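# Survey of secondary and tertiary structure
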2 protein chains.
Amino acid sequence: MAAAPRTTMADVAAAAGVSRALVSIVIRGAAGASDATRRHVLQVAADLGYRPDTRARLLRSSRTRLIGVVFNVTEPYHAELVELLYEAADAEGYAVTLSATGPRRGEREAVESLLDLGAEAVIIIAPSGTAGQLAGFPVPVVSLLGTVGGAEPGTFSSVSSDEGAGIRLAMGHLRGLGHRRIAHIDGGSAVGSAARRGAYEACMDGSGEAAVVLPGGPLESDGSRAAAALLTSMGWPLPPHDAGPAARGTAASPARPATGGRASGAPTAVVIFNDRSALGALDTFRAAGLRVPGGLSVVGYDNSRMARLEHINLTTIGQDGAELAAAAVRSAAARIGGGPGQDVVVAPSLVRGGTTAAPAPPGT
Amino acid sequence: MAAAPRTTMADVAAAAGVSRALVSIVIRGAAGASDATRRHVLQVAADLGYRPDTRARLLRSSRTRLIGVVFNVTEPYHAELVELLYEAADAEGYAVTLSATGPRRGEREAVESLLDLGAEAVIIIAPSGTAGQLAGFPVPVVSLLGTVGGAEPGTFSSVSSDEGAGIRLAMGHLRGLGHRRIAHIDGGSAVGSAARRGAYEACMDGSGEAAVVLPGGPLESDGSRAAAALLTSMGWPLPPHDAGPAARGTAASPARPATGGRASGAPTAVVIFNDRSALGALDTFRAAGLRVPGGLSVVGYDNSRMARLEHINLTTIGQDGAELAAAAVRSAAARIGGGPGQDVVVAPSLVRGGTTAAPAPPGT
DNA sequence: CAAAAAAACTAGATCGATCCAGTAAACTTT
DNA sequence: AAAGTTTACTGGATCGATCTAGTTTTTTTG
């Protein structure tokens, strides 16, 4: 209960018979102590169970070796990146503190709490704020995934994956399987949606088929809604809505067209903004009796942990989170050291899963 | 680039024409300053954009008003609690710092990083460590959801929901709908699994029906696997496995028994360890053509955000995260103040969704 | 071997706040 | 109006580390 008074550097110095300053040198691993005393001091420190007080250290030294990370706690993919950021920061000799955003906690607020703790740089995952809202911080800010809207060059540095390339990978994969009529469910106003939609449209351009973009969003429910819209446009009957629990069950399943019975101009594949949306869409497709990948191929984006679950096994675009995390930390470290802010773009890769296959031959 | 020197308390004092100590009083909101000067100082501080330096404050005062939270970044329900903890702590006048656990970051390590930042208490969400691994910290530790195995009473305080009551709510709900043969997919070795399984078995005891427990786990894939096992035991044909992408699609769906055609002793409802597992199970049931809730009612546990997505709309047991978070913070605050560690149990509630309904009348 | 250079070590100032003891002024009380 | 009490405010010590500038010891070198 009664907190034992902390073992301080002075205690170690007294016990080792040296000055406080020398203990400081040894603990920091700085130059200026002989190997013999170094070992001795470390031994004494260990015996006393000494742990340096970060607060005091931070107060005095300009260097805190602390990187703050702002993330949205509800976004599973951010969570994965957080994990990787811990490792990346560790490799560069930095520690990480987290601050979550949420409905009642904006990005500014999150960043400020990190500054109070002495963060030397802040990495914001998929920032939604504009430059105006995120400017004026006394430390470098790195945006990981997505850029800060309206920022002057050099103010923020950003690390993102090449959205265009990712979409092109997805489209190339589908075309390689034989797909021609490919639809897109976009991310609505989410970060990165415009870039991905644009790349999709560019890919369709000149292919002889019209681009079909369904308005979506970043969430499962958005994908589900868009999927329902796509099914309707394909002339596929929707199942009764889930709302009425008791109305179900004994009712016979609605008649379904055979696989080849859908409208001949209907898409045979769909590229979806992200994995969460794709999961919602998958659920809706399957609930409607449309088989994936038999009746429709589906490609997501993010290669999130969810997508890799064996019963889902989504074909998706992987963003190499480890590389993104490492690049973000390196960029932050470089700017802490006074270097210039630079924008890093990491190449994505295709992750083949079980939700894509060759389209059903017409008339089967 | 060049970090502007921080505005310090001395700057504010000079600008306001008062002493540093008085500024400190005003900033802390302590007694001992007239309303007029209070307003004046605050105005000057705001004009200069002054923000107190947490590090210095922490160093000097024994109080840091900082609560550390350890959570598993991959667990969506933890993320929800984190969000609520921010609010709960704020209400009690505390700030929150986060530290994530992960494959390469254990609970001890996470707690230590929080202590280095000066946390006065630590809340661990669903701790997996035993008392031995988590003992010896100089600050109070509160476990939120789940208890620390083998801890002496008074060492840790815990805040959890009443697992038994939750399961009884689920069972009561199903029985009220007319279900008698109810199965359970458990949580394997996950925190809380034993308590929930025990409560289920107690509920089945003396009902005239045998308890059916399928080994599961906390993840979607665990639920999916257990669901497949349940289907097999029900004599329901499994669909071809997702593994072979090209093998699907054109193949005709396997013949399926009519709703009433399954083995007469088969369960009509299943209570599942948590929502994630339930989601995996739902997916598998539906992929096999078994309608939920028509052919089988499903109840989850957690009332996670996922469960509330409209296209999922899972019937589940809600744990009132806000209440749990508030209780955890209150408990931490009480123990910081030297109070005794007490264990709080919060009552869960039933959240009616679209995955439960009356069982199909036999022979339909 | 003395002088110069390098390495090992130390005292004291310092970071930016809080805490404590004490002073000055305003307000009660008798 | 003198004595006591409360309120408003201040100077200086302090938290536990780092940093700067110096001092002592050891090593190198001409």
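Residues numbered from 1 in each chain as written. Chains lettered and ligands numbered in written order. Predicted model: local features only at pLDDT ≥ 70, side-chain atom pairs only at ≥ 80, totals over all residues. Heavy atoms only, no water.

Moving on to the overall build of chain A. A tally of regular secondary structure across chain A gives 13 helices and 12 strands. Counting only residues that meet the buried cut, chain A has 52% of its 364 residues in that class. Long-range pairs, those at least 24 residues apart, make up 68% of the contacts in chain A between residues at least 6 apart in sequence. Roughly 14,900 Å² of accessible area belongs to chain A as shown, and the carbon and sulfur atoms make up 55% of that amount. (Helix = DSSP H or I, 4+ residues; strand = E, 2+ residues; numbered from the N terminus. Buried < 20%, exposed > 50% of the residue type's maximum accessible area, 1.4 Å probe, protein only. Contact = heavy atoms within 4.5 Å. Areas by Shrake-Rupley, 256 points an atom, 1.4 Å probe, with all protein chains shown as cover.)

All names here are of chain B. Running from N to C, helix H2 (residues 20–28) and helix H3 (residues 35–48) cross one another at 90°; their axes reach a closest spacing of 10 Å. Here H2 is positioned roughly perpendicular relative to H3, judged by the angle of their axes. Two secondary-structure elements touch here, H2 through Val23, Ile25, Val26 and Ile27 and H3 through Arg38, Val41, Leu42 and Ala45. Per-class residue counts for the contact of H2 with H3 are 7 nonpolar, no polar and 1 charged. (Axes fitted to C-alpha atoms, helices over the stretch in contact; angles between N-to-C directions. Parallel < 35°, antiparallel > 145°, perpendicular 65-115°, else oblique. Nonpolar A, V, L, I, M, F, W, Y, C, P; charged D, E, K, R; others polar.)

Bringing the relation of the copies chain B and chain A into the picture now. You can overlay chain B on chain A at an RMSD of 0.4 Å; the transform is a turn of 180° with a shift of 0.3 Å along its axis. The operation mapping one copy onto its partner corresponds to a two-fold rotation axis. The position closest to the rotation axis in chain B is occupied by the C-alpha of Arg55 of chain B, lying 2.4 Å away. Most of the interface of chain B is mirrored in chain A: 98% of its interface residues are interface residues there too. (Least-squares fit on C-alpha atoms with pLDDT ≥ 70 in both.)

The next subject is helix H11 (residues 275–287) of chain A. Residue and element names in this part refer to chain A. In this model H11 runs 18 Å from its N-terminal to its C-terminal C-alpha over 13 residues, within 8% of the 18 Å that 1.5 Å per residue would give. Counting buried positions along H11 gives 11 out of 13 residues, so the element sits mostly inside the fold. Along H11, the residues classified as buried are Asp275, Arg276, Ser277, Ala278, Leu279, Gly280, Ala281, Leu282, Asp283, Thr284 and Phe285. Where H11 starts, the residue carrying a side-chain oxygen 3.3 Å from the main-chain nitrogen of Arg276 turns out to be Asn274. (Expected span 1.5 Å × (residues − 1). Polar contact = N/O pair within 3.5 Å; in protein donor to acceptor, adjacent residues only side chain to side chain.)

A full pass over the atoms with the stated rule returns 20 salt bridges over all chains. One salt bridge in this structure joins Glu87 of chain B and Arg104 of chain A, with 3.1 Å as the shortest N-O distance. On the criterion of chain membership, the pair formed by Glu87 of chain B in helix H5 (residues 76–91) and Arg104 of chain A in the loop between strand E2 (95–101) and helix H6 (107–116) is interchain, its members lying in two chains. Residue class for Arg104 of chain A comes out exposed when judged on its relative accessible area of 60%. For Asp222 of chain A, the salt bridge is made with Arg225 of chain A, and the minimal N-O distance between the two is 2.9 Å. With Asp222 of chain A and Arg225 of chain A both in helix H10 (residues 220–234), this residue pair falls 3 residues apart, about one helical turn. Look at Asp222 of chain A and you get buried, because its relative accessible area is 14%. A network of salt bridges, in which partner residues are shared, links Arg51 of chain A together with Arg108 and Glu112 of chain B. (Salt bridge = Lys/Arg side-chain N within 4 Å of Asp/Glu carboxyl O.)

As a further point, take the protein's contact with DNA strand C. The local shell around DNA strand C holds 26 residues, among which Ser19, Thr37 and Arg60 of chain A together with Met9 and Ser24 of chain B are the closest. Here the atoms of DNA strand C within 4 Å of the protein split so that 64% fall in sugar or phosphate, with bases taking the remainder. Thr8 of chain B has a polar side-chain atom sitting 2.9 Å from a phosphate oxygen of DNA strand C. Between a phosphate oxygen of DNA strand C and a main-chain N or O atom of Met9 of chain B, the distance comes to 2.4 Å. Mapped by element, the contributors of at least two residues to the surface near DNA strand C are helix H2 (20–28) and helix H4 (54–60) of chain A together with H2 and helix H4 (54–60) of chain B. (Near = heavy atom within 4 Å.)

Residues and elements named next belong to chain A. Close contact between helix H1 (residues 9–16) and helix H3 (residues 35–48) brings their axes to 9 Å; oriented N to C, the two are set at 120°. The orientation of H1 relative to H3 falls into the category oblique. Between H1 and H3 lies a crossing of right-handed hand. From H1, Asp11, Val12, Ala15 and Ala16 reach across to H3, where they touch His40, Val41, Val44, Ala45 and Leu48. The residue makeup of the contact of H1 with H3, split by class, is 7 nonpolar, 1 polar and 1 charged. (Left-handed = near helix turned anticlockwise from the far one by under 90°.)

Moving on, we come to the interface of chain B and chain A. Taken together, the contacts link 66 residues of chain B with 66 residues of chain A. Taken together, both faces of the contact between chain B and chain A bury some 5,900 Å²; the carbon and sulfur share is 55%. For the salt bridge of Glu112 of chain A with Arg51 of chain B, the shortest nitrogen-to-oxygen distance reads 3.4 Å. Our enumeration of links across chain B and chain A arrives at 5 residue pairs in polar contact (both at pLDDT 80 or more). Every element with two or more residues in the side of chain B that touches chain A is listed here: H4, strand E1 (66–72), H5, strand E2 (95–101), helix H6 (107–116), helix H10 (220–234), helix H11 (275–287) and helix H12 (305–308) of chain B. Class assignment for the residues of the side of chain B that touches chain A results in 26 nonpolar, 22 polar and 18 charged. (Buried area = accessible area lost by both parts, 1.4 Å probe.)

Per the stated rule, a full pass over the model turns up 0 aromatic pairs over all chains. The aromatic ring of Tyr94 of chain A is capped on one face by Arg65 of chain A, whose charged end is 4.4 Å from the ring centroid. Residue placement shows Arg196 of chain B over the ring face of Tyr301 of chain B; its charged tip is 3.6 Å from the ring centre. (Phe/Tyr/Trp six-rings, centres within 6.5 Å; stacked < 30°, edge-to-face > 60°. Lys NZ or Arg CZ within 6 Å of the ring centre and 35° of its normal.)

Here we take up the nonpolar core. Most often, soluble globular proteins have nonpolar side chains that are buried together. Ranked by size, the top nonpolar core spans 66 residues in total, and within it Leu98, Ile123 and Leu144 of chain A together with Leu98, Ile123 and Leu144 of chain B carry the most contacts. Not counting the four nearest positions on each side in its chain, Leu144 of chain A is found in contact with Leu81, Leu85, Ile123, Ile124, Ile125, Ala126, Pro127, Val159, Leu324 and Ala328 of chain A. Counting residues in each nonpolar core, the second largest holds 54 residues, with Leu214, Leu231, Ala281 and Met306 of chain A among its members. (Core = buried A, V, L, I, M, F, W, Y, C linked by side-chain atoms within 4.5 Å.)

According to the domain assignment, chain A consists of domain 1 (11–52), domain 2 (66–162 + 321–346) and domain 3 (163–239 + 258–319). The straight-line distance from the C-alpha centre of domain 1 of chain A to that of domain 3 of chain A is 61 Å. (Domains from an automatic or database assignment.)

The environment of DNA strand D is made up of 25 residues, and the closest members are Met9 and Ser24 of chain A together with Ser19, Thr37 and Arg60 of chain B. Per the 4 Å cut-off to the protein, sugar and phosphate atoms form 64% of the nearby atoms of DNA strand D. Within the side chain of Thr8 of chain A, an N or O atom sits 2.9 Å from a phosphate oxygen of DNA strand D. Here a base oxygen of DNA strand D sits 2.4 Å away from a polar atom, N or O, in the side chain of Arg60 of chain B. Mapped by element, the contributors of at least two residues to the surface near DNA strand D are H2 and H4 of chain A together with H2 and H4 of chain B.

A word on the sheet that holds strand E7 (residues 212–214) of chain B. All names here are of chain B. Ordered in space as E7-E6-E8-E9, the 4 strands form an open sheet in which the pairing is parallel. Each having just a single partner strand, E7 and strand E9 (297–299) make up the two edges of the open sheet. Neighbour-to-neighbour, the strand axes of this sheet turn through a mean angle of 20°, independent of strand direction. The strands that helix H8 (residues 163–177) touches are strand E6 (182–185), strand E8 (269–272) and E9; relative to E8, the one it contacts most, it runs at about 165°. Each of E6, E8 and E9 touches H11; the most contacted strand, E8, lies at about 150° to it. (Pairing = 2+ DSSP bridges.)

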